[in-house]
Amino acid sequence: MTGWTADRIPVQRGRTAVVTGANSGLGLVTATELARNGAHVVLAVRDTTSGEEAARRIGGDVEVRELDLASLDSVRSFATRLTADRPVIDLLVNNAGMVLLGPRRTSADGFELHLGTNMLGHFALTGLLLGALAAAPSPRVVSLSSITHKNAHLDFDDLMYERSYRAAPAYGRSKLATTVFGVELDRRLRAAGSPVVSTLAHPGLTRTNLTPRAWEHRGRAGRLIAWLGLLATQPVERGTLPQLRAATEPGLRGGEFFGPAGPGETRGRVTEARLSREAADPTVGKKLWTAAEELTGVRYL
């Protein structure tokens, strides 16, 4: 299978990259490739013990910092400490995500947990790091979407999914929100004349630890479902390529969206992916942005 590969990543020496959820799965591979090409990589992780284990596996110029995206206090603390030490950040990969198919749960701030972790935490983090990103010569933000965003719909009258909660649609909504955020961020960066570029990517169906965790509430049956689901996925090394391309390909203008080229964008070589109509709608983008600013207290652009 031909196409874009990690061998095409330019030298990253002298650049600082922040990768959320870098202790496993897509984030671990992303951090590994960036470090292999010379970047200083900040592993932004909730579990620092796991993060230190990942750092040892990666080698190179890496550091581990605690970040819990389900807590705005944690996001603010992380951003304050990081920018004090590193006032210039070249790359932010908003990779971390969670999917739980059990009962509805909430974040430390009372947000529905999928939305709070996958989108609102990253919205706040990006805003708090934007000044450090703008100080870099060629800064970039990558938002990690999902093919589930294509069948999702944002209900602004019940954004926290308090009515008739269903876990799988809640995850899809959170990934649609993440996608809308990445697209709207591009619009606002361009309008402001900012040097920061916003790109997006999704991994198709990829073999990570999210699938087993999603079904853990079902016990033995859940483990069987997760195992069967893994048979339909592509290796994590291939699933990570879209976000690596979005993070490192020279000359991207912003708004580019990468994913697999295979059937239904589920697997295969990297190509330009398609946004759902709702994800591309500027009206939806503006409405979600306003809601996110009010919910997180982070205002920018």
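Refer to the structure presented above.
Enquirer: Lay out helix 5 (residues 167-192) in plain terms, naming residues and giving numbers.
Expert: With 26 residues, helix 5 extends 37 Å between its outermost C-alpha atoms, agreeing within 8% with the 38 Å of an ideal straight helix rising 1.5 Å per residue. Here helix 5 lies mainly inside the structure; 20 of its 26 residues are buried.

Enquirer: Can you break down the pairing of strand 4 (residues 91-94) residue by residue, with the values?
Expert: The side-chain alternation of strand 4 yields two buried faces, one formed by Leu91 and Val93 and the other by Leu92 and Asn94. Here strand 1 (residues 16-20) pairs with strand 4 via three bridges, running parallel. Counterpart to Ala17 in the pairing with strand 4 is Leu91. When strand 4 meets strand 5 (residues 140-144), the two strands line up parallel, connected through four bridges. Considered in strand 5, the bridge of Leu92 is made with Val141.

Enquirer: Can you lay out the environment of Pro10 for me, pointing to particular residues and giving the numbers?
Expert: Tracing the backbone through its elements, the reader meets Pro10 in the segment before strand 1. Counting along the chain gives 238 residues from Pro10 to Thr248, while the straight-line C-alpha distance between them is 6.9 Å. Contacts of Pro10, omitting those with residues within four sequence positions, involve Asn37, Thr248 and Pro250.

Enquirer: If you had to explain the layout of surface pockets to someone new, which residues and values would you point to?
Expert: Empty space within the second largest pocket amounts to approximately 190 Å³. If you go around the second largest pocket, you meet 15 residues; those closest to its centre are Arg15, Ser138, Arg140, Thr248 and Pro250. Of the residues belonging to the lining of the second largest pocket, the class tally is eight nonpolar, four polar and three charged.

Enquirer: Break down the pattern of salt bridges for me, citing the residues and quoting the values.
Expert: By the definition in use, this model includes eleven salt bridges. For Asp186, the salt bridge goes to Arg190, with nearest N and O atoms at 2.9 Å. You can see Asp186 and its partner Arg190 sitting in helix 5, four residues apart, about one turn around the helix. With relative accessibility at 10%, the residue Asp186 sits in the buried group. Glu249 is paired through a salt bridge with Arg245; the nearest N and O atoms lie 2.7 Å apart. Classification of Arg245 by relative accessible area gives buried; the value is 17%.

Enquirer: Tell me about the packing of helix 1 (residues 25-36) against helix 9 (residues 241-248), and name the residues and values.
Expert: The contact between helix 1 and helix 9 brings their axes to 10 Å, and the two run at 45°. As judged from the angle between their axes, helix 1 and helix 9 are oblique. Considering how the two elements wind past one another, helix 1 and helix 9 form a crossing that is right-handed. Along the contact surface, helix 1 presents Leu26, Thr30, Glu33 and Leu34, while helix 9 presents Gln243, Leu244 and Thr248.

Enquirer: Please set out the environment of Ser145 residue by residue, giving values where relevant.
Expert: Topologically, Ser145 is positioned in the loop between strand 5 and helix 5. On the basis of relative accessible area, Ser145 is assigned to the buried category, the value being 2%. With 36 residues separating them in the primary sequence, Ser145 and Phe181 have C-alpha atoms 9.9 Å apart. At 2.6 Å, the side chain of Ser145 and the side chain of Thr179 are in polar contact.

Enquirer: Give a description of the side chain of Asn23 that names residues and reports values.
Expert: Residue placement: Asn23 occurs in the loop between strand 1 and helix 1. There is a polar contact of 3.0 Å between the side chain of Asn23 and the side chain of Ser50. Beyond its immediate sequence surroundings of up to four residues, Asn23 is in contact with Leu28, Val45, Ser50, Gly51 and Ala54.

Enquirer: Which residues make up the packing of aromatic side chains, and what are the values?
Expert: Following the criterion strictly, the structure yields six aromatic pairs and no others. Residues Phe123 and Tyr300 carry aromatic rings whose centres are separated by 5.2 Å and whose planes lie at 50° to one another, so their mutual orientation is tilted. On the criterion of sequence distance, the pair formed by Phe123 in helix 4 (residues 113-134) and Tyr300 in the segment after helix 11 (282-296) is long-range, its members being 177 residues apart. The same class applies to Phe123 and to Tyr300, which are both buried. One aromatic cluster is present, formed by Phe123, Phe181, Trp289 and Tyr300 through successive ring pairs. A cation over an aromatic ring shows up here: Arg173 above the ring of Tyr161, its NZ or CZ 3.8 Å from the ring centre.

Enquirer: I'd love a proper account of the pairing of strand 3 (residues 62-66), names of residues and values included.
Expert: With respect to burial, strand 3 is a largely interior element, four of its five residues being buried. With five bridges joining them, strand 2 (residues 40-45) and strand 3 adopt parallel strand pairing. Each bridged residue has a counterpart across the sheet, and for Ala44 the counterpart in strand 3 is Arg65. Following the chain from strand 2 across helix 2 (residues 48-58) to the adjacent parallel strand 3, one finds a crossover that is right-handed.

Basis of the calculations
- Residues numbered from 1 in each chain as written.
- Predicted model: local features only at pLDDT ≥ 70, side-chain atom pairs only at ≥ 80, totals over all residues.
- Heavy atoms only, no water.
- Helix = DSSP H or I, 4+ residues; strand = E, 2+ residues; numbered from the N terminus.
- Expected span 1.5 Å × (residues − 1).
- Buried < 20%, exposed > 50% of the residue type's maximum accessible area, 1.4 Å probe, protein only.
- Pairing = 2+ DSSP bridges.
- Contact = heavy atoms within 4.5 Å.
- 1 Å grid on protein atoms, 1.4 Å probe; cavity = no way out; pocket = protein on both sides within 12 Å on 5 of 7 lines; lining within 4 Å.
- Points joined across faces, edges and corners; volume = space filled by probe spheres on them.
- Nonpolar A, V, L, I, M, F, W, Y, C, P; charged D, E, K, R; others polar.
- Salt bridge = Lys/Arg side-chain N within 4 Å of Asp/Glu carboxyl O.
- Axes fitted to C-alpha atoms, helices over the stretch in contact; angles between N-to-C directions.
- Parallel < 35°, antiparallel > 145°, perpendicular 65-115°, else oblique.
- Left-handed = near helix turned anticlockwise from the far one by under 90°.
- Polar contact = N/O pair within 3.5 Å; in protein donor to acceptor, adjacent residues only side chain to side chain.
- Phe/Tyr/Trp six-rings, centres within 6.5 Å; stacked < 30°, edge-to-face > 60°.
- Lys NZ or Arg CZ within 6 Å of the ring centre and 35° of its normal.
- Right-handed = clockwise from strand over helix to strand, strands pointing away.

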